[in-house]
Amino acid sequence: HTDPNRAFHLVWPALDTVDQLALRLVRFQEALHPGPIMSAADFQGKVTELLTALRADAQIANLANGICLPIILPQIGANDFNYGRTLEQVFVAATKKAYEQEFPDRSFNNYRENNLAGQVTIVDKSHRRLVERLFKGHLVALYFPQALQGFSVHASREQMAGLPTTLHLAGGFDTLSAVAMYPDVLGRDFNTPGLDMAAMEWR
């Protein structure tokens, strides 16, 4: 790993009130789930529970001092599951929709279009646990996009060995859910950090 380049940074959005979280819930529904999945108050309650548990664990409490984005991941079908196909048909499509809505004067370019089905492998067991949870239902989570800034993909994978099983290394589903809910934060401008999805490999 290297010292992170702080010129590449994220701007923490205001998420202190139910109304502010409600806006993110609406973005989720517009991009990833057409019907109601929970109320804004329920979303806030689950986020508060997760943050309380995080801060109570001395090993990982410091995560709460960095950029923390509450996200929702939708339930995915377990029958005939194909990570790459689901990634493209559900999550990339949602990201494209959210990005173009947020930035109508920009282009969304998918350089792996029609080239993900059967080509993506989960290589980190923590992310496999996350996917297995999504077979059973939707999930509220906390996304930390800069927790391992400066770490290579391999170094990021190595970090997971000593961390609690409540943490999951970022893959496609969680990263793109976050972008769909926070395109203004994660796609802001040139100085927005790139996002590695270290739990996966392509080809």
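In the block above lies the structure referred to throughout.
Trainee: Describe in detail the overall build of the protein chain, supporting the description with residues and values.
Mentor: The helix and strand tally for the protein chain stands at 7 helices and 4 strands. Listing every helix and strand of the protein chain by position from the N terminus yields α-α-β-α-β-α-β-α-α-α-β. Relative to the globule expectation of 17 Å for 203 residues, the C-alpha radius of gyration of the protein chain, 16 Å, shows essentially globular dimensions. Oriented by its inertia axes, the alpha-carbon framework of the protein chain measures out at about 45 × 40 × 40 Å. By residue count, 44% of the 203 residues in the protein chain fall in the buried class. Here the analysis covers contacts within the protein chain between residues at least 6 apart in sequence; of these, 82% occur between residues at least 24 apart.

Trainee: Can you break down the nonpolar core residue by residue, with the values?
Mentor: Phe 43, Leu 87, Phe 173 and Leu 186 are the most contacted members of the largest nonpolar core, which has 57 residues in total. Not counting residues within four places of it along the chain, the set of residues in contact with Leu 186 comprises Leu 10, Leu 69, Tyr 143, Pro 145, Ala 178, Val 179, Thr 192 and Leu 195.

Trainee: Which residues make up the packing of aromatic side chains, and what values go with them?
Mentor: Per the counting criterion, the structure on display carries 8 aromatic pairs. Ring geometry for Phe 8 against Phe 190: centres 5.7 Å apart, planes inclined by 55°, an arrangement best described as tilted. Here Phe 8, found in the segment before α1 (18-31), pairs with Phe 190, found in the loop between α7 (183-186) and β4 (200-202); they are 182 residues apart in sequence, far enough to count as distant. Residue class for Phe 8 comes out partly exposed when judged on its relative accessible area of 26%.

Trainee: Please provide a residue-by-residue account of helix α2 (residues 40-56), values included.
Mentor: When the terminal C-alpha atoms of α2 are compared, their 24 Å separation across 17 residues agrees well with the 24 Å that a helix rising 1.5 Å per residue should span. Residues of α2 that are buried sit in contact with α1, β1 (69-73), β3 (139-143) and α6 (172-181).

Trainee: If you had to explain the packing of α1 against helix α3 (residues 83-102) to someone new, which residues and values would you point to?
Mentor: Their axes nearest at 9 Å, the elements α1 and α3 cross at an angle of 125°. Relative to α3, the element α1 is oriented oblique. Where α1 crosses over α3, the handedness of that crossing is right-handed. Of α3, the residues touching α1 (which contributes Arg 27, Glu 30 and Ala 31) are Ala 94, Lys 97, Ala 98, Gln 101 and Glu 102.

So, how was this worked out
- Residues numbered from 1 in each chain as written.
- Predicted model: local features only at pLDDT ≥ 70, side-chain atom pairs only at ≥ 80, totals over all residues.
- Heavy atoms only, no water.
- Helix = DSSP H or I, 4+ residues; strand = E, 2+ residues; numbered from the N terminus.
- Rg over C-alpha atoms; globule rule 2.2 N^0.38 Å.
- Buried < 20%, exposed > 50% of the residue type's maximum accessible area, 1.4 Å probe, protein only.
- Contact = heavy atoms within 4.5 Å.
- Core = buried A, V, L, I, M, F, W, Y, C linked by side-chain atoms within 4.5 Å.
- Phe/Tyr/Trp six-rings, centres within 6.5 Å; stacked < 30°, edge-to-face > 60°.
- Expected span 1.5 Å × (residues − 1).
- Axes fitted to C-alpha atoms, helices over the stretch in contact; angles between N-to-C directions.
- Parallel < 35°, antiparallel > 145°, perpendicular 65-115°, else oblique.
- Left-handed = near helix turned anticlockwise from the far one by under 90°.

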